[in-house]
Amino acid sequence: MSLPNILVCDDHPSICKEVAMFLKGSYTVHAFKSGKEALDYLEKNSIDLILLDYYMPEMTGFEVLLQIQKSERHNGVPVIFLTSEINERLEHEMRRRGASEYLVKPVNSATLQSCIRKLLN
């Protein structure tokens, strides 16, 4: 049985590396530093869950989410936003627009893993 595929998109490589380390062994992690790179990957590949930074240059995580939702292949894939901003209005808007979860960085490993397990089951 293959491991679930998780896409991580964050413009800070250290966050991608940290998340990959948290998830190593339980999931196959595909990490990207820009929304464009992530969307290019998604054009040709299936994914089980997406972790998205909200604030990224060139294309925000919200813009990436909107593109994902247009895709027949990926519409409905759970999306967890990772952001350094504690903002109830932003969280509410992201959930209203289809985000499954909204976690504040730095993310706790146990919280992240619990959230992923819940969304994949």
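See above for the structure.
Predicted model only: the values in this text are computed from it and were never measured. (Residues numbered from 1 in each chain as written. Predicted model: local features only at pLDDT ≥ 70, side-chain atom pairs only at ≥ 80, totals over all residues. Heavy atoms only, no water.)

A. View of the environment of Asp53. On the secondary structure map, Asp53 appears in strand 3 (residues 49-53). The spatial distance from the C-alpha of Asp53 to the C-alpha of Arg96 is 17 Å, given a sequence separation of 43 residues. Beyond its immediate chain neighbours, meaning those up to four positions away, Asp53 contacts Cys9, Asp10, Asp11, Gly61, Phe81, Leu82, Thr83 and Lys105. A distance of 3.3 Å separates polar atoms of two side chains, one belonging to Asp53 and the other to Lys105. (Helix = DSSP H or I, 4+ residues; strand = E, 2+ residues; numbered from the N terminus. Contact = heavy atoms within 4.5 Å. Polar contact = N/O pair within 3.5 Å; in protein donor to acceptor, adjacent residues only side chain to side chain.)

B. Highlighting unusual backbone geometry. Residue Pro106 is reached from Lys105 by a cis peptide bond, and omega for that bond is 0 degrees. Locating Pro106 in the fold gives a position in the loop between strand 5 (101-104) and helix 5 (109-120). Positive phi, normally seen in glycine, also occurs at Glu58, with a value near 70 degrees. By secondary structure assignment, the location of Glu58 is in the loop between strand 3 and helix 3 (61-70). On the basis of relative accessibility, which here comes to 78%, the residue Glu58 falls in the exposed class. (Buried < 20%, exposed > 50% of the residue type's maximum accessible area, 1.4 Å probe, protein only.)

C. The sheet that holds strand 3, seen in detail. Spatial ordering of the open sheet is given by 2-1-3-4-5, a layout of five strands whose pairing is parallel. The two strands at the open ends of the sheet, each matched to only one other strand, are strand 2 (28-32) and strand 5. Averaged over all pairs of adjacent strands, the angle between their axes in this sheet comes to 20 degrees, without regard to strand direction. Judged from the five bridges that link them, strand 1 (residues 5-9) and strand 2 form a sheet pairing that is parallel. If you follow Asn5 over to strand 2, its bridge partner there is Thr28. Its contacts with the sheet put helix 1 (residues 13-23) on strand 1, strand 2, strand 3 and strand 4 (79-83), and the angle it makes with strand 2 is roughly 175 degrees. Sitting on the sheet, helix 3 is in contact with strand 3 and strand 4, with an inclination near 150 degrees to strand 3. (Pairing = 2+ DSSP bridges. Axes fitted to C-alpha atoms, helices over the stretch in contact; angles between N-to-C directions.)

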